[in-house]
Protein chains: 2
Amino acid sequence: MNAIAVYEGADEPVVTEKPRPDPVPGEALVRTLRVGVDGTDHEVLAGGHGGVPEGEDHLVLGHEAVGVVEDPNDTPFSVGDIVVPTVRRPPNGANEYFARGEPDMAPEGQYHERGIVGAHGFMAEYFTSPAEFLVEIPPELAEWGFLVEPVSIAEKAIEHAYASRSAFHWDPESALVLGNGSLGLLTVATLDESFDRIYCLGRRERPDPTIDIIESLGATYVNSNETPVSSVSETHEPMDLVFEATGHAPHAFETVEALAPNGVGALLGVPADWSFEIDGGRLHREFVLHNKALVGSVNSGYEHFEAAVDSLRRFSDRFVDDLVTGVYGLDEFEAAFADDDTTIKTAVEFDVYEER
Amino acid sequence: MNAIAVYEGADEPVVTEKPRPDPVPGEALVRTLRVGVDGTDHEVLAGGHGGVPEGEDHLVLGHEAVGVVEDPNDTPFSVGDIVVPTVRRPPNGANEYFARGEPDMAPEGQYHERGIVGAHGFMAEYFTSPAEFLVEIPPELAEWGFLVEPVSIAEKAIEHAYASRSAFHWDPESALVLGNGSLGLLTVATLDESFDRIYCLGRRERPDPTIDIIESLGATYVNSNETPVSSVSETHEPMDLVFEATGHAPHAFETVEALAPNGVGALLGVPADWSFEIDGGRLHREFVLHNKALVGSVNSGYEHFEAAVDSLRRFSDRFVDDLVTGVYGLDEFEAAFADDDTTIKTAVEFDVYEER
């Protein structure tokens, strides 16, 4: 079968031939429909993140997949079920985090991530997975099922942010999403029902398709060239929730200034080392006198995938159509890895879903 | 009656004569037993924090009080009940934070703090308080009841820290308290039952009475001159909980490095502005890849006072005796405001509790 992989030492994906995998007991065989591309894939290609499976010279890419069960192989699934795989797998048998269904809380070294580190991804015509790591989704979402994984990342961070505010009555009204990439836009859509006023910050100038999407969702675009994060509170309003999806390290700290009293910032970016000056005294005091919080969040668990399916069901067709700027077959898969201002969210299509 | 106050423009407390207050409907009259002194009192004296009530030229000090109900005045209390007052009061009638019993979550401007900002404190022979802001404590704790308020500050921060970890299974074992002042030591004692291993960091050299207390509680002293916060993780172990009670702003950020994966830092210090350099990229990444959190916490609510009473009941007599280095009558009240290396926790005594 065909797969899209990156070889050690290379920084570009290639189509490669691999044997079709055989499911072992407990695993189902899945025929891949579509696999999304995101910033993590670009980081893996750039070599700044991830790693090939032990003993191999390449990594099959892709961690945002949707597929059809081809062979349930005595798992609870049926032929034709539409499934989305979770990403983390136990590296050497299960550990406590996997045992309690919270692989997203496992520390480094206690997980592989399919398509990212230590295990092949889903960019292949077929993949196998233990049934416990497959989330069934309704057939009507098959086409956009590759968005379940990125939305699940937002769901987890939002869940942890709310948890951090659960010791008191918290009734948030305003949210600021930092970053107008695909994760930022998906988060704006995910937060839509829970917040009265949503802002999304980016550094693009008009006209720009991401700004159009932000406004079509009823949210307000904040141009960071005019209004830096530290001024949002004054220019617009203090934010009950800030969701950082940029990986721009100063934003993590400016977030404290953008928050309303009792607010929380969820951090999701993964920046490289970068030293800079902050007014640490002021930020520390702001944390304390206004009961503010910051929570870091990585990856997502089974329940976040389920929450993401519910969110995806609520998204308008228009939003998803605008967001997904390209779905490409194997013959033009390179286009899915483009990273320019007209590209928002892309996927590689391995097979077309046909409802029975 | 006698009261201890600071006059505008002065930086030292004096004994002053005030009329004995009359309780209005809903208030009880309380005869003061003891009132503790802490860092906030020193900040109020230094003028860096707080403010006199509107239209007055002085502020009666004291926010850590215990007293005896002298006149219940048709409140649910009885003559002789031992009570501890909470600190925040609504500035102009109630607001939503007071209405739902969470004055500790009110933003600036929506509260007065008795003895700190906008309202007289409890360092007087008598004080009045609405019954809803008086917490009854068992008579056997009367002597040490002035410790309830500072312990309640720790209880709130700990509650918020745990809440921030409530979205997943969190079974913390190691805790690091930053600061060996009275709040730090009270926190070590409060955490004692919940953590297997507790560390307390300070900058004192042996011999030192606070180090003796830390070790008598079974905790490990960490000398910050030898082991800075950022090295604690390597020298000792990564910490599931860090409790910052120093007000030293770099500690707020070094805390992220001291935390174990999935750990949380509670911040309680209130530093002045102070700019310095951090490796913000590394800290941001640490937050995210290891699901870490920081929560700021200020003041405390009624339920935290109740939790503090339970903690105080568990404290050993030896610990409390070692911690309280001086209880001084009005004739030598200045000694209660001493701030040297032999002083840990002090109180001013207005009346001696005699059990009936």
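In case you missed it, the structure is sitting above this.
Everything numeric in this text was worked out from a predicted model, so none of it was measured. (Residues numbered from 1 in each chain as written. Chains lettered and ligands numbered in written order. Predicted model: local features only at pLDDT ≥ 70, side-chain atom pairs only at ≥ 80, totals over all residues. Heavy atoms only, no water.)

Draft legend 1. Seen up close, the overall build of chain A. On a plain count of helices and strands, chain A comes out with 10 helices and 20 strands. Whereas a compact globule of 356 residues would reach a radius of gyration of roughly 21 Å, chain A reaches 20 Å, a difference of no more than 12%. Along the longest, intermediate and shortest principal axes, the C-alpha atoms of chain A span 60 × 45 × 40 Å. A burial count over chain A gives 60% of its 356 residues as buried. Surface accessibility of chain A: about 13,700 Å² in total, with carbon and sulfur atoms responsible for 43%. If the 22 positive side-chain charges of chain A are averaged to one point and the 66 negative ones to another, these points end up 4 Å apart. (Helix = DSSP H or I, 4+ residues; strand = E, 2+ residues; numbered from the N terminus. Rg over C-alpha atoms; globule rule 2.2 N^0.38 Å. Buried < 20%, exposed > 50% of the residue type's maximum accessible area, 1.4 Å probe, protein only. Areas by Shrake-Rupley, 256 points an atom, 1.4 Å probe, with all protein chains shown as cover. Lys, Arg positive; Asp, Glu negative; His and termini not counted. Charge placed at Lys NZ, Arg CZ, Asp CG, Glu CD.)

Draft legend 2. Here's a closer look at the packing of aromatic side chains. Tallying each qualifying case throughout the model produces 17 aromatic pairs over all chains. Judged by centre distance (4.7 Å) and plane angle (55°), the rings of F122 of chain A and F127 of chain A are tilted. Judged on exposure class, the residue F122 of chain A and its partner F127 of chain A are both buried. Put simply, the rings of F253, W274 and F276 of chain A together with F253, W274 and F276 of chain B pair up and form one aromatic cluster. Taking the ring centre of W144 of chain A as reference, the NZ or CZ of R34 of chain A above it sits at 5.5 Å. In this structure, R88 of chain A packs its charged tip against the face of Y111 of chain A, placed 3.5 Å from the ring centre. (Phe/Tyr/Trp six-rings, centres within 6.5 Å; stacked < 30°, edge-to-face > 60°. Lys NZ or Arg CZ within 6 Å of the ring centre and 35° of its normal.)

Draft legend 3. Focus on the side chain of H284 of chain A. Assignment of secondary structure puts H284 of chain A in helix 8 (residues 280–289). Within the structure, H284 of chain A has its side chain in polar contact with the side chain of E244 of chain B (distance 2.9 Å). Leaving out residues up to four positions away in the same chain, H284 of chain A has contacts with E244, G247, H248, A249, A252, L267, G269 and P271 of chain B. (Polar contact = N/O pair within 3.5 Å; in protein donor to acceptor, adjacent residues only side chain to side chain. Contact = heavy atoms within 4.5 Å.)

Draft legend 4. Seen up close, the pairing of strand 2 (residues 14–17) of chain B. Residue and element names in this part refer to chain B. For strand 1 (residues 2–7) and strand 2, the ladder comprises four bridges, and the chain directions are antiparallel. When the bridges of strand 2 are listed, I4 appears paired with V15. Hairpin connection, strand 1 to strand 2: the antiparallel pair is bridged by six residues, and G9 has positive phi, about 85°. (Pairing = 2+ DSSP bridges.)

Draft legend 5. Structural context of the interface of chain A and chain B. Of the residues lining the interface, 56 residues belong to chain A; the matching set on chain B comes to 56 residues. Summing the contributions of chain A and of chain B, the shared interface buries around 4,600 Å²; its carbon and sulfur component is 59%. The interface formed by chain A and chain B includes two salt bridges. The closest approach of N and O atoms between R285 of chain A and D273 of chain B, which form a salt bridge, is 2.9 Å. Seen at the junction of chain A and chain B, the total is 29 residue pairs in polar contact (both at pLDDT 80 or more). Elements with a contribution of two residues or more to the side of chain A that touches chain B: helix 3 (148–164), helix 7 (249–258), strand 16 (259–267), strand 17 (275–279), helix 8 and strand 18 (293–296) of chain A. (Buried area = accessible area lost by both parts, 1.4 Å probe. Salt bridge = Lys/Arg side-chain N within 4 Å of Asp/Glu carboxyl O.)

Draft legend 6. View of the environment of L29 of chain B. All names here are of chain B. Within the secondary structure layout, L29 lies in strand 3 (residues 27–37). On a C-alpha basis, the gap between L29 and P53 in space is 20 Å, while along the polypeptide they are 24 residues apart. Not counting residues within four places of it along the chain, the set of residues in contact with L29 comprises R20, P21, P23, V68, V69, E70, D71, Y126, F127 and T128.

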